[in-house]
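Per-entry structural report
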Amino acid sequence: MINPKTGLTSNFLQVIGNSALASLSGSLLGTISVITESVACIEVEQEKFIEIGCYFYRISPAIMELQTTENTPKNAKEILTSLSQSINLAKELVENCQKGKQHVSDTKLRSIIAQLERAVKDMGECLCLIPSSTFQGEEYAEIVVRCLSDEMQNVHFEVRQPQELESRMISVVERPKKEFMPIESDLYSITVEVSRENSQVLSMPFDIPKRTSQSSQRKSGSTSYLTELSQVAQYIEPLYETFSCPLTKEIMEDPVTIETGITYERKAITEWFEASENPEYICCPTSGKKLTSRALSTNVALKTTIDEWKERNEAARIKVARAALSLASSDSMVKEALRDLHSICQIKPYNRIQICDAGILPLLVKFLEHKDGNIRCAVLELLRQLAEEDEAKEMIGQILDISTLIKMISSSLQAVRHATLLFLLELSRSQVLGEKIGSAAGAILMLIRIRYNRNTDPFASEKAGEILKNLEKCPDNIKRMAENGFLEPLLNHLIEGCEDMQMEMASYLGEIILGHDSKTYVAERASPCLIKMVQSGNTLIRRAAFQALAEISSYHPNARILVEAGIVHIMAEEMFIRTIYNEPMNSKKEAAAILANILDSGIDHGILQVNTQGHPVDSDYVVYGIIYMLKNSTPDELNINLIRILLCLTESPKSMATVVSVIKETEACCTLVEIINNPHEELGVAVVKLLIKLSPYVGHTLAERLCKTRGLPENLIEIPTQSNQYITEKQALSAKLLAKIPHQNLTLNLALLGKNIVPGVLQTINLIQKTGTRSSRYANAYLEGLVGILVRFTTTLYETQILFLARNHNFTQVFTELVVKTSSDEVQKLSAIGLENLSSESIHLSKPPQLKRKKFMKLFYLPKSLSFGSSKKKKIPLCTVHRGVCSSQSTFCLVDAKAVERLLACLDHENAEVVEAALAAICTLLDDKVDVDNSVSLLSEVHAVKHVLNAVKEHKQEGLWQKSFWVIEKFLVKGGDKSASDISQDRLLPATLISAFHHGDGSTRQMAENILRHLNKMPNVSTTAYYST
């Protein structure tokens, strides 16, 4: 119905009205809570104030009844407003008398108590205004409220005379304060006070203030009146005498009536009859009248009355307990309320639902954070009892924060831990709550830890195991257990479960990240089952199994386990035999990935048979199949794994020969080079790695193909545009590929020259040198590749364009700087090789000066007789080594570039390859085409012999020995007595020479013999004939 004045429906107005009543009721209860706290702190007339506080305390249930009743009286707002005036006045009066306030005179104290008396009487009058309909036929409740109203209207508080007050004050001051024992705390400290927070219980939009530390610490004996539950239980319906059995004096459960009309408990009267000494003479226990019959008639009316009375009493007790927990002025009141609720639960299961419906659950949840461990234990036990009912379990699950329980299982109190685990065990029997428990942060991890701590706490370990078992009902929890290291549930369901369960567990196994030890254990347990699932006709099961096997095979130590389980044959069949016709899933990609993982582990290829015909995995049968798939536009993901397999096969010389043979025969280089342009980054990286491996065998073919493929080779060099630009793995590998392809391939060198890549390469080298190689993971490899690209140009200097390029960019100076200013051994080696190649051309490029005057220029010169200048010609300096005009830029002269000293410094390097490359560059200055005498003299000035002798002693490589011995022999022949003396005084050189004489190859042995002869360590007789025989 629409209200004509407001335009609102009556239902809507009712909702608004109820909300206002709830807010007002909540405010009153909060104020009452403050009053009850305050009276406990008043030292003057303490008992009188406590008595006053009790009336406010006792009126709380009546206010809650007004707020929660379904039949809200029309005058409810007026009643609550009147009560509010009295209660607010009382609050102000009580606060004026609190400890810490200024002294209250006797006259003022009597005035305050008189005003409080008037307030109590006014509240009693307000209670009279509550109509009977409010109580919904619960007569006992109405009687209690009416009695309380009468009592409050007739209340009178007498105030002592001043002398009595003074003596009372002295006794209070002299009373010793009670000491409190410290309460043991949990590992997770809880400091929240929850004694008076009842807003959630009553669903009211207000917060009742917490008691102050002063009032919470004040625990005098006289305040016990406020903390006894019996004080708020006065409105429970009284026990009627007829309900008690005359024999047991207890309330009857099964009342029966005998022929005298007296009712007894069935069990009690039956035992009375059986205990009678004279079975023929049985009398009534109460009246003593002889009974003629033992017939028992159920007193249905009385039984019904008792049952109804019990129900009313139990409902009333629940309300009392709720009020006690809401106010909770002391721990003893809380404990008494919890004990009463516990006993109510044991009476009948339905009471558990009533307790939940009464709004007690939110309060119990708050008490889980109470500082007293005994209260927490009692709450947990009560919640466990309530959770035995499925309906209650659902209500608990909606209110309870599981994370609170997870913290409590780490409590330092064993009783709290055990009670928490028992409660969790009860909750875990519900699949919905089991999922909620499993999803709580750290829940499963904590339960697993407790489960394995059997020696520390066997009971907790057992219960944690039972909880985990219940949590297995939810598949997501099984996954969480596996992620936390508890793999048994997942593996058991995978091996023993139905097809759907196996599929789900296999999917989880492919998703979770396992530790290395776990992967090995899973491989041992699950491999046979997963391989069997791969051969299933169910596409979803196959996909899940492939995913799990891919994860397991990614850990290299598992390869042998998988091989022994027969996986190689199955994967090869999936790759080469199974077709996609009538097949809902193409499994080639997954099979190739698993096979690549196994081969990548380093397992011996020869023992891996791919079919029943005995073909090993490195046979041409497999390589032909892979090349065929690569040529037929297979998906990028499959191509990646196919190339990974080929890469693994190139690690073995035998397998490499097979791969190279098939690639040459099938002309697969074209396909591989074209894949470089694929935008898929991982695929590009994989194919470039493979081409680097193949470059020593099919390098010229690759070079020709690179030059014929659109976008190549220039796309292999990506010059960073910014100093902080990240260098990718593909960029580094691409540069390395160009550096590895045979340097003498003029076609590729001219193609690179035509794309004008050298300026960008030099710019990038300088940039990396300035910023350092730590700016990117692949910066060092990229630098090595770029230097290698420059070196390749030095091998084809006979080409005019390339010669001009080297001169224009002063390659000699570039390599001279790089040979020492770098942290990369490879860059140093490549720079030394570049200097060697450049220096080899110096003798051809260095020419004597030729000053020729052209005929037409002679006209501009005066005759010699008329010349005013000097008659001497201008001298042009000549290189003493190359016998001509030299410079580092035009003729690549190492002497002019000051590269000799830097190369000699490299001879002290730990890396033998760097030393050998530097020696090779120095050897170009001792070649027969140059002036060896001047060259030896120049090298002697920088103590070259000492560096060479040190290199001979530090390194034993054959090629390095040959170059070192060749230099030493040159110095012995051309260096004069000084060089011969320096060499002969080296005490370790003869031993090295003798070792080379005995163990070196022919060339090394001959040079060692020559040096020994120069040092007079051997007769001047050739031994070549002896060794040749």
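From a predicted model like this one, the values you see are computed outputs, not experimental measurements.

The rules behind these values
- Residues numbered from 1 in each chain as written.
- Predicted model: local features only at pLDDT ≥ 70, side-chain atom pairs only at ≥ 80, totals over all residues.
- Heavy atoms only, no water.
- Helix = DSSP H or I, 4+ residues; strand = E, 2+ residues; numbered from the N terminus.
- Buried < 20%, exposed > 50% of the residue type's maximum accessible area, 1.4 Å probe, protein only.
- Areas by Shrake-Rupley, 256 points an atom, 1.4 Å probe, with all protein chains shown as cover.
- Disulfide = S-S within 2.5 Å.
- Expected span 1.5 Å × (residues − 1).
- Salt bridge = Lys/Arg side-chain N within 4 Å of Asp/Glu carboxyl O.
- Core = buried A, V, L, I, M, F, W, Y, C linked by side-chain atoms within 4.5 Å.
- Contact = heavy atoms within 4.5 Å.
- Pairing = 2+ DSSP bridges.
- Axes fitted to C-alpha atoms, helices over the stretch in contact; angles between N-to-C directions.
- Phe/Tyr/Trp six-rings, centres within 6.5 Å; stacked < 30°, edge-to-face > 60°.
- Lys NZ or Arg CZ within 6 Å of the ring centre and 35° of its normal.
- Left-handed = near helix turned anticlockwise from the far one by under 90°.
- Nonpolar A, V, L, I, M, F, W, Y, C, P; charged D, E, K, R; others polar.
- Polar contact = N/O pair within 3.5 Å; in protein donor to acceptor, adjacent residues only side chain to side chain.
- pLDDT = per-residue confidence, 0-100.
- Parallel < 35°, antiparallel > 145°, perpendicular 65-115°, else oblique.

Observations concerning the overall build of the protein
Across its full length, the protein carries 51 helices and 5 strands. Classification of the 1029 residues of the protein by burial places 50% in the buried group. About 50300 Å² of surface is accessible on the protein, with carbon and sulfur atoms providing 51% of the total.

A word on the state of the cysteines
Across all of its chains, the model carries 0 disulfides by this definition. As a non-bridged cysteine, Cys886 has Cys879 as the owner of its nearest cysteine sulfur, 3.9 Å distant. Relative accessible area serves as the criterion here: at 17%, Cys886 is assigned to the buried category.

A look at helix α50 (residues 1002–1014)
Over its 13 residues, α50 runs 19 Å from end to end, which matches the ideal 18 Å to within 8%, given 1.5 Å per residue. Burial in α50 covers these residues: Thr1004, Arg1005, Met1007, Ala1008, Glu1009, Asn1010, Ile1011, Leu1012 and Arg1013. Phi turns positive, to about 60°, at Asn1016, one or two residues after α50.

Regarding unusual backbone geometry
For residues that are not glycine, phi is negative in most cases, and the peptide bond is trans in most cases. Here the amide bond leading from Leu712 into Pro713 is cis, since omega sits at 5°, within 30 degrees of zero. Structurally, Pro713 is set in the loop between α34 (681–708) and α35 (729–740). Look at Asn810: it is not a glycine, yet its phi comes out positive at around 50°. Considering the arrangement of structural elements, one finds Asn810 in the loop between α39 (800–808) and α40 (811–818). For Arg883, which is not a glycine, the phi torsion comes out positive at approximately 60°. By secondary structure assignment, the location of Arg883 is in the loop between α42 (855–858) and α43 (900–906).

With respect to the pattern of salt bridges
Any two side chains of opposite charge can pair, so long as their charged atoms come close to each other. Within the structure shown, the criterion is met by 36 salt bridges. With its nearest N and O atoms 3.5 Å apart, the salt bridge here joins Glu826 to Lys829. Taken together, the residues Glu826 and Lys829, both in helix α41 (residues 825–845) and 3 residues apart, mark about one turn of the helix. You can call Lys829 buried: its relative accessible area is 17%. The network of salt bridges with common partners includes Arg352, Glu381, Arg384, Glu388 and Glu389.

With respect to the nonpolar core
Core analysis: the biggest nonpolar cluster contains 182 residues, and Leu509, Leu530 and Ile676 have the highest contact counts within it. In terms of residue count, the dominant contributor to this core is α34 (13 residues). Discounting chain neighbours no more than four positions away, the residues touching Ile676 are Val687, Val688, Leu691, Leu706, Leu712, Leu716, Lys730 and Leu737.

Quick look at the sheet that holds strand β1 (residues 255–257)
One open sheet holds the 3 strands; their spatial order is β2-β1-β5, and the pairing between them is antiparallel. Unpaired on one side and paired on the other, β2 (263–265) and β5 (297–298) mark the two borders of the sheet. Packed on one face of the sheet, helix α10 (residues 266–275) meets β1, β2 and β5 and runs near 90° to β2.

A word on the packing of aromatic side chains
For the structure shown, the criterion picks out 6 aromatic pairs. Arranged with centres 6.0 Å apart and planes meeting at 25°, the rings of Trp961 and Phe965 form a pair that is stacked. Of this pair, Trp961 and Phe965 both sit in helix α47 (residues 958–974), separated by 4 residues, roughly a single helical turn. Taken as a pair, Trp961 and Phe965 share a single burial class, namely buried. The ring of Tyr452 is capped by Arg451, whose NZ or CZ atom sits 5.0 Å from the centre of that ring.

A word on the environment of Pro877
For Pro877, the position within the fold is in the loop between α42 and α43. You can call Pro877 exposed: its relative accessible area is 68%. Along the backbone, Pro877 and Pro848 are 29 residues apart, and their C-alpha atoms lie at a distance of 9.9 Å.

A short note on the packing of helix α49 (residues 989–999) against α50
Across the interface, α49 lies against α50 with an axial gap of 8 Å and an inter-helix angle of 140°. α49 and α50 meet at a crossing whose hand is left-handed. Along its contact with α49, which presents Leu993, Ile994, Ala996 and Phe997, the element α50 presents Thr1004, Arg1005, Ala1008, Glu1009, Ile1011 and Leu1012. By residue class, the composition of the contact of α49 with α50 is 7 nonpolar, 1 polar and 2 charged.

A few points about helix α44 (residues 912–923)
Taking 1.5 Å of rise per residue, 12 residues should cover 16 Å, and α44 covers 16 Å from first to last C-alpha, within 8% of that figure. Of all 12 residues in α44, 10 are buried, a share of seventy percent or more. For α44, every residue scored as buried is listed here: Ala912, Val914, Val915, Ala917, Ala918, Leu919, Ala920, Ala921, Ile922 and Cys923. As for α44, its buried residues are in contact with α41, α43, α45 (932–941), α46 (944–954) and α47. One side-chain oxygen at the N-terminal end of α44 lies 2.9 Å from the backbone nitrogen of Glu913; it belongs to Asn911.

Structural notes on the environment of Lys654
Here Lys654 shows up in helix α32 (residues 653–666). Along the chain, Lys654 and Ser619 lie 35 residues apart, while their C-alpha atoms are 9.6 Å from each other.

Regarding the confidence of the model for the protein
Parts of the prediction with low pLDDT should not have their coordinates interpreted in detail. When the pLDDT values of the protein are averaged, the result is 81; 84% of them are 70 or greater. Counting contacts from residues 1–16, a segment whose pLDDT is below 50, to residues more than four positions away or on other chains yields 10 contacts. Scored below 50 in pLDDT, residues 864–873 shows 0 contacts in the model against residues more than four places distant or in partner chains.

Side note on the packing of helix α3 (residues 76–96) against helix α4 (residues 106–128)
As a packed pair, α3 and α4 sit with axes 9 Å apart at the nearest point and diverge in direction by 165°. Considered as vectors, α3 and α4 are oriented roughly antiparallel to each other. Seen from above, α3 lies across α4 with left-handed handedness. Note on element contacts: α4 touches α3 through Ile112, Gln115, Leu116, Ala119, Asp122, Met123 and Cys126, opposite Ile79, Ser82, Leu83, Ser86, Ile87, Leu89, Ala90, Leu93 and Val94.

Focus: the side chain of Ser824
As for its placement among the helices and strands, Ser824 is situated in the loop between α40 and α41. According to the relative accessible area criterion, Ser824 is buried, its value standing at 2%. Of note is the side chain of Ser824, whose polar atom sits 3.3 Å from the backbone nitrogen of Val827.

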